Structures are given as structure tokens and as C-alpha cells.
Amino acid sequence: MHEANLSQFLVLITAAVVVSSLFRRMNIPSVLAYLAVGLGVGPTALGWVDDVETIQVLAEFGVVFLLFSLGLEFSLAKMIALRKVVFNLGGWQVAVSSLVIFGIARLFKASTEEAIIIAGALALSSTAVVSKELVQRNELGQPHGVMSMGVLLFQDLAAVIFLILIPFLAGGSDSSLAAALAITLGKGALLFALMLAIGKYLLPFIFTEVAKSHSEELFVLTVLMVSLLAAALTHSFGLSMALGAFIAGMMLSETHYKHQIEADIRPFRDLLLGLFFISVGMIVDFQEVLANWPWIILITAMLLLAKATLIGALAYRHQKDRAVALKTGLYLAQGGEFGFALFALGEKFQLISKQAGAVVITTVILSITLTPWLMNLARYLSARFPSDKAQGVAQTRVEALTDACSELEGHAIVCGFGRVGQTVARFMRRSSMPMTAVDKDPVRVKEAAAAGEPVHYGDSERLDILKALGLERSRLLIITYADVDKSLAVIRKVRSTGSNVPILVRTADDSKMSLLQEAGATEIVPETLEASLMLVTQVLTLMGAPARKIHRQIEEVRRSRYKMLHGYYPGINSQLVGADGTPLEKLHALTLPDGAYSCHRSLAQMKLAACNVDSIRRGDEEFFDPAGDFILQPGDTLILHGSADQVEQAENKLLGG
């Protein structure tokens, strides 16, 4: 790599790290951060990076790996089952959207060639953004997620047709359009059959042999080789690279290596997808954007409204469910990244003006930028305006719950009937204590109810469900979910009614105990810490400690909200922050050398405040929870307890003052 290219790449990566960190703190999607970086450092704004072509080549692999990982979620059997969605709904969406956008473009005095290119760019949606958001939101298997992916797959096929069409519009092709389309379709069918055979007979053999080597490095290399070879194969046939990667992933979805492959490909996918969105921002002409921003806002608003309405209507025609149709329409309302390639080809054949290109490309980018917000809006609206069928079923379910629980009084309500909920219910039933449970898993509810368990199907986050279970008459509410956010939602719903019913919450650990307490939880049981206490009880019992002493120590730990168990000595791979970005507590041993600032001073004088001193070891003696008047001496070993920053600050103060 040339020195100039290296410096530009370093600028790009540095800007991406800084801007992504800032956007994450403001809870703004990372896609917007990457787009902002591309726009800011690109050739038409600050001009720090002008090697757009190299970045675009790397960025295209991000979409390839994304489609490969998505293919792992769709087996051939599932694709056959989705044929009506792909070809029926997808076909109608592309055809109707293209015709409507073509007509609107002609009304705005665009030439026929320009109108066709604009229709192709805006009728298709963003495969990269929508599929990425569906995966992150865990909605890929839901009805609207399946419909969205089906439409996107057909759009990838339609993209090839638009690319074939442009040379004919410019008069730059010698063969007929019908012949070119027939050849392309023939190539596609041949390619699919070839990859199907490779995927069924060759790939499982290759991965079995690689797995026998027990080499993670070789396994990752094989995954990269397969995905890139598939992309190169479809590209050589004149089709989309991403389409080939999707087919390869689909062929591997039925093997038992699926989950390992998905885990190995994720780091490459996420990194290169970031570059893809940066490259999108870099192609925007900043000066044209400033000159035409009113038109850009107007066209973006028209695109989102018209396309969401049209796709929503088609989705409702396909599946009579308003909530699913609403989500599908808003999820696919944006323009697609394919439009960038289409406009580049259009400019090459001089079919589209620079101004029209800048306006429409910026419209696509702005619509892509708004996609996460549109998805949140879709979820909000679908919850507020569910389908008539869903409303009727929900109302019937609430009435049935009310009747089933009408005689319960002073009972416990168990939210979540997984392993923990079932264990609680088992002991309560043996003790003849009144209780009822609610769970959203229909299979689990059916199995447990058939066995005589007092469990009902429903969402505990809904207040009408909780009231139907007899919340006002209950003695205790037990929340057993592993998801703390879900538990918080239930607690807040209950407390919003003014109810003072005691709430017992099970959590995986103690990282969000304060949040749960502030929300209104009465008691919190951290599963990991309680498991540690049970292990300690068995250890002390087997070591001959008196049962009364063991019980007293365990209860003391519980009364102190598990303070003694907070923090641990980190290892080489230990995390410093939790999944939500909050600092994790750690333990750190510090031995005071002769001459340290804190020697011959008391702990109170040191004013460590945020960092706790759990114990001090002096020779063979150990002092637990030392008081503020404890005088420190050279050779003392202090066990510091706090976040990484707090421990570091305390260590610096103890040593240097």
C-alpha cells in the first residue's frame, strides 16, 4: 500500500472510531456515524480522503459477507416455502413502485432515460441496512422480517435487469434486450443448479476435513474462501456478488457448521459493512447538496410516504394483517444502495445530469439514514393500531384469563415460566400456596397446562394481562426473566398503577440492581451470586463449619446486598465494561512500598471515596472492612475494589499523593 493511501486509510479509521463513539453515547445508530464520516472526510467536503474507488472495493465485501451470513438463516426448504413472497409480493412491489416513481419523475420534467434510472434507484430498498437492522433487532424470523427479506431478494434479482437496461437506453449494446434478459436468466438458473450441487456434495466434505484439523485459523480461512469464491462466481456470470454469497450461505445453512461459520464471519462482516456506509457518504457531492437541499427534503419525504403506503398496501393484500403490512411498508420505504451503481453507470453513458444524480443519491442516503427511526416508528404504530384479528384474539384472551383467575386471592403471579419459573411453581404447589403464571411461549404453555400447571399464555408487559391475572388481589409478583430490560418494563407498568404489591426479581448478576431498586423492585436475587453462596454453603459444611455460623454468614451477605461478592480479580480476557457500557467492578491488590505517600497516614486522610478498601493484609494478619482511622504502614497489601478508573485513581493517590 502506498504511503498516501495508508495515511488516508488511517484518517478514515480514526474518524470512524471518534464519530462512532460520540454517536453511541448519544444513542444514534452506527450507520449514521459511518455516513457522517464518509460525507465529512470525503472529496467534496474536507477532502481528507479522495481514494474513493479503493474504499468502495473493500466496502463491497461488507455487503457480500452480510448476505452470506443472512443465507445461513435461509435453508433451501425455507426459500421454496417463500417463493410466493419473493416472486409474488417482490415482483408486484418492484413493478408498481418503478411505474409510480417513473411517472412522478416524468411530471418533474425528467427525460425518459433519467426517469427509468431514478425509478430503478428509488424502487429498490437497502438490503444492507434493512437486513442488518432485522438481525440486530432479532426480527428476521417474524412475519414482517420474512416478507421484507423476500422482497429484498427479488430486488437483488431485479437489479440485474436494470443494469442490463441502461446500455440499451444509451444505444451501447448490439444485441436485443429480450435476448440479453434470456441469457441472464439462463445463466442464473445454471449458476443456481451448480452452486446447489456444490453446496450439497462438496462443501460439507470440505468443512468436515477442515474441522478434523482442529485449527480455528484454517476454519476461518475456509469460510472466507467459500464466501468470496461464491461471490466471484456470480460476478463472472454478470450477476450480483451479494446474490452469490447469499446462495452459498443458504447451501451451508443445513450443515451442523452453521453457527460456527456465522460466528467466524461476523467480525469481517461488521468491519467491512462500516466501510460500505463510509463509502456511501463519500460519493455525495457536498456542494450540490447545499444548493438543492429543499428539493432533497421534499423528494425524501415523498419517497418515504409513497413507498411505505404502496408496499404496505401490497403486503396487506398478500397477508391480511395490518401490523405486519405496516412494518413491512416502513421497513422497506428507503431507497437502495444499488442506486449508487445505477447512477454511476448512467453518468458513464451520459444519461443523467450531475444535478439529478446528486439530488437522488442524497435522497437515497437520507432515506437510508432515517431507516432505524422508521423501524422504531413502525413498532410504535403497530403496537398502537394492531389488526382487527389481533385485537379480537387479545380481547378474548384477556377475558379468558379474567375468568380463570377470578377466584384467586392472596396468590403469587410468576412472570416467565422457563426453568426458574417452573422451579418456583413446583415448590409453591407442594406447599399448597396459591399461584398462577404467565408466559409468551405457546408450546411451553400448552405442554405445562396439559400437565396441570397453572400457567397461561400472555405478555406480562401488558397491564391488562396482569390485571386479568388478579394483580390487585395478589400477594407477590415474581419476575423470572433473564432480560433485565423486560423485567424493568414489567416493574414500571405495575408501579404506574400505584400498586404496592411486593416484587421479587431474578437477575443474572448484580450489574443493574440499583436500576431495579429505583424502578420499584422489593427484592432482587442475582442468580450468579446466589449460586456462589450455595457453593460456599456446601464447601463450609463439608469442611466442618457449624450450620448456624454458615447460615449467619450467608444471611449477612444477603442483608448487605451482596457487597462482599462484588468485584473480582480480572484475567487477561476480562471485560472492563458491561454490555450496556457501564464500568464493571474489579479487585486489585496494591502493596505499599517504603516511601509511598499513604504510609503513616489513615484511610480517612487519603479520601479514596469512590474506591473501596475491602481488606488490608499486614504480615499474617488480615483486617476486613478497615475503619477510617486505620493507619497504613509500609508493606501493607490493600485490596482495592471499584471500576478500573476508580482503582487506578486510588492507586495513584496511595502511591504518589
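Check the entry above for the structure.
Residues numbered from 1 in each chain as written. Predicted model: local features only at pLDDT ≥ 70, side-chain atom pairs only at ≥ 80, totals over all residues. Heavy atoms only, no water.

A.B. asks: A description of the overall build of the protein should follow, citing residues and the corresponding values.
C.D. replies: From N to C terminus, the protein includes 28 helices and 10 strands. By the burial criterion, 45% of the 657 residues in the protein qualify as buried. Considering only residue pairs separated by 6 or more positions, the protein has 70% of its internal contacts joining residues 24 or more positions apart. Accessible surface, the protein: about 33700 Å² in total, of which carbon and sulfur atoms supply 60%. (Helix = DSSP H or I, 4+ residues; strand = E, 2+ residues; numbered from the N terminus. Buried < 20%, exposed > 50% of the residue type's maximum accessible area, 1.4 Å probe, protein only. Contact = heavy atoms within 4.5 Å. Areas by Shrake-Rupley, 256 points an atom, 1.4 Å probe, with all protein chains shown as cover.)

A.B. asks: Tell me what's going on with the sheet that holds strand β10 (residues 637–642), and back it up with residues and numbers.
C.D. replies: Whether parallel or antiparallel, the strands of a sheet pair through hydrogen bonds between backbone atoms. In space, the four strands of this open sheet follow the order β7-β10-β8-β9, with antiparallel pairing throughout. Strand pairing shows two members of the sheet lacking a second neighbour, β7 (586–591) and β9 (621–624), which therefore form its edges. With direction set aside, neighbouring strand axes in the sheet form an average angle of 20°. Note that strand β8 (residues 612–618) and β10 share five bridges and pair antiparallel. Note on β10: the bridge partner recorded for Asn 612 is His 641. Its contacts with the sheet place helix α28 (residues 644–656) against β7 and β10, and it is angled at close to 145° to β10. (Pairing = 2+ DSSP bridges. Axes fitted to C-alpha atoms, helices over the stretch in contact; angles between N-to-C directions.)

A.B. asks: Account for the pattern of salt bridges, with residues named and values stated.
C.D. replies: Inspection of every chain in the model, using the stated rule, returns seven salt bridges. The partner of Asp 459 in a salt bridge is Lys 486, and the shortest N-O contact between them spans 3.8 Å. You can see Asp 459 sitting in the loop between β3 (455–457) and α22 (463–468) and its partner Lys 486 sitting in helix α23 (residues 484–496), a full 27 residues away along the chain. Grouping residues by exposure puts Asp 459 and Lys 486 together as buried. We note a salt bridge from Asp 636 to Arg 618, for which the minimum N-O separation is 2.8 Å. With a gap of 18 residues between them, Asp 636 in the loop between β9 and β10 and Arg 618 in strand β8 connect regions that are remote in the sequence. Since its relative accessible area comes to 27%, Arg 618 is described here as partly exposed. (Salt bridge = Lys/Arg side-chain N within 4 Å of Asp/Glu carboxyl O.)

A.B. asks: Explain the packing of helix α15 (residues 322–331) against helix α18 (residues 371–384) to me, using residue names and the numbers behind them.
C.D. replies: As a packed pair, α15 and α18 sit with axes 9 Å apart at the nearest point and diverge in direction by 170°. With respect to α18, the axis of α15 lies roughly antiparallel. Contacts between α15 and α18 pair Ala 323, Leu 326, Lys 327, Leu 330 and Tyr 331 from the former with Thr 371, Leu 374, Met 375, Leu 377, Ala 378, Arg 379, Leu 381 and Ser 382 from the latter. When grouped by side-chain class, the residues that make up the contact of α15 with α18 number nine nonpolar, two polar and two charged. (Parallel < 35°, antiparallel > 145°, perpendicular 65-115°, else oblique. Nonpolar A, V, L, I, M, F, W, Y, C, P; charged D, E, K, R; others polar.)

A.B. asks: Can you break down unusual backbone geometry residue by residue, with the values?
C.D. replies: If you check the backbone angles, Lys 109 has positive phi at about 70° while not being a glycine. Along the polypeptide, Lys 109 turns up in the loop between α5 (83–107) and α6 (112–123). Given a relative accessible area of 76%, Lys 109 falls into the exposed group. Even without being a glycine, His 600 presents a positive backbone phi close to 70°. Relative to the assigned elements, His 600 resides in the loop between β7 and α27 (603–606).

A.B. asks: Tell me about the pairing of strand β1 (residues 412–415), and please be specific about residues and values.
C.D. replies: In regular strands, side chains alternate between the two faces of the sheet. Both faces of β1 are covered, namely the face carrying Ala 412 and Val 414 and the face carrying Ile 413 and Cys 415. The β-α-β motif built from β1, the intervening helix α20 (residues 419–430) and the parallel element strand β2 (residues 435–439) has right-handed crossover chirality. As paired elements, β1 and strand β4 (residues 476–479) share four bridges and run parallel to each other. Across the sheet, Ile 413 pairs through a bridge with Leu 477, a residue of β4. (Right-handed = clockwise from strand over helix to strand, strands pointing away.)

A.B. asks: Please provide a residue-by-residue account of the side chain of Glu 453, values included.
C.D. replies: Along the polypeptide, Glu 453 turns up in the loop between α21 (442–450) and β3. Engagement of the side chain of Glu 453 in a polar contact is seen with the side chain of Arg 429, the distance being 3.2 Å. Contact partners of Glu 453, with chain neighbours within four places excluded, come to Phe 417, Ala 425, Arg 429 and Ala 448. (Polar contact = N/O pair within 3.5 Å; in protein donor to acceptor, adjacent residues only side chain to side chain.)

A.B. asks: Any chance you could break down a nonpolar patch on the surface for me, citing the residues and the numbers?
C.D. replies: Taken together, Val 100, Ile 104, Leu 107, Phe 108, Trp 295, Leu 298 and Met 302 make up a surface patch of nonpolar side chains, about 640 Å² in accessible area. Listing elements by their share of the nonpolar patch, those giving two or more residues are α5 and α14 (293–318). With respect to the secondary-structure elements, Met 302 resides in helix α14. With a relative accessible area of 32%, Met 302 lands in the partly exposed category. (Patch = residues over 30% accessible without salt bridge, like charges linked within 9 Å, V, L, I, M, F, W, Y side chains within 5 Å.)

A.B. asks: Can you tell me about the sheet that holds β2, naming the residues and giving the values?
C.D. replies: Strand order in the open sheet made by the six strands is β3-β2-β1-β4-β5-β6, with parallel pairing throughout. The sheet is open, and its two borders are formed by β3 and β6 (523–526), each paired with just one other strand. The sheet shows a mean angle of 20° between the axes of neighbouring strands, taken without regard to direction. As paired elements, β4 and strand β5 (residues 503–507) share three bridges and run parallel to each other.

A.B. asks: Report on the nonpolar core, specifying residues and quantitative values.
C.D. replies: Membership of the largest hydrophobic core comes to 107 residues, with the highest contact counts inside it found for Phe 68 and Ile 261. Dropping the residues within four chain positions of it, Ile 261 is found in contact with Phe 68, Leu 72, Phe 207, Phe 219, Val 223 and Leu 252. With 27 residues, the next largest nonpolar core counts Leu 401, Cys 405, Ile 465 and Ile 491 among its residues. (Core = buried A, V, L, I, M, F, W, Y, C linked by side-chain atoms within 4.5 Å.)

Any functional reading would require information beyond the geometric quantities listed.
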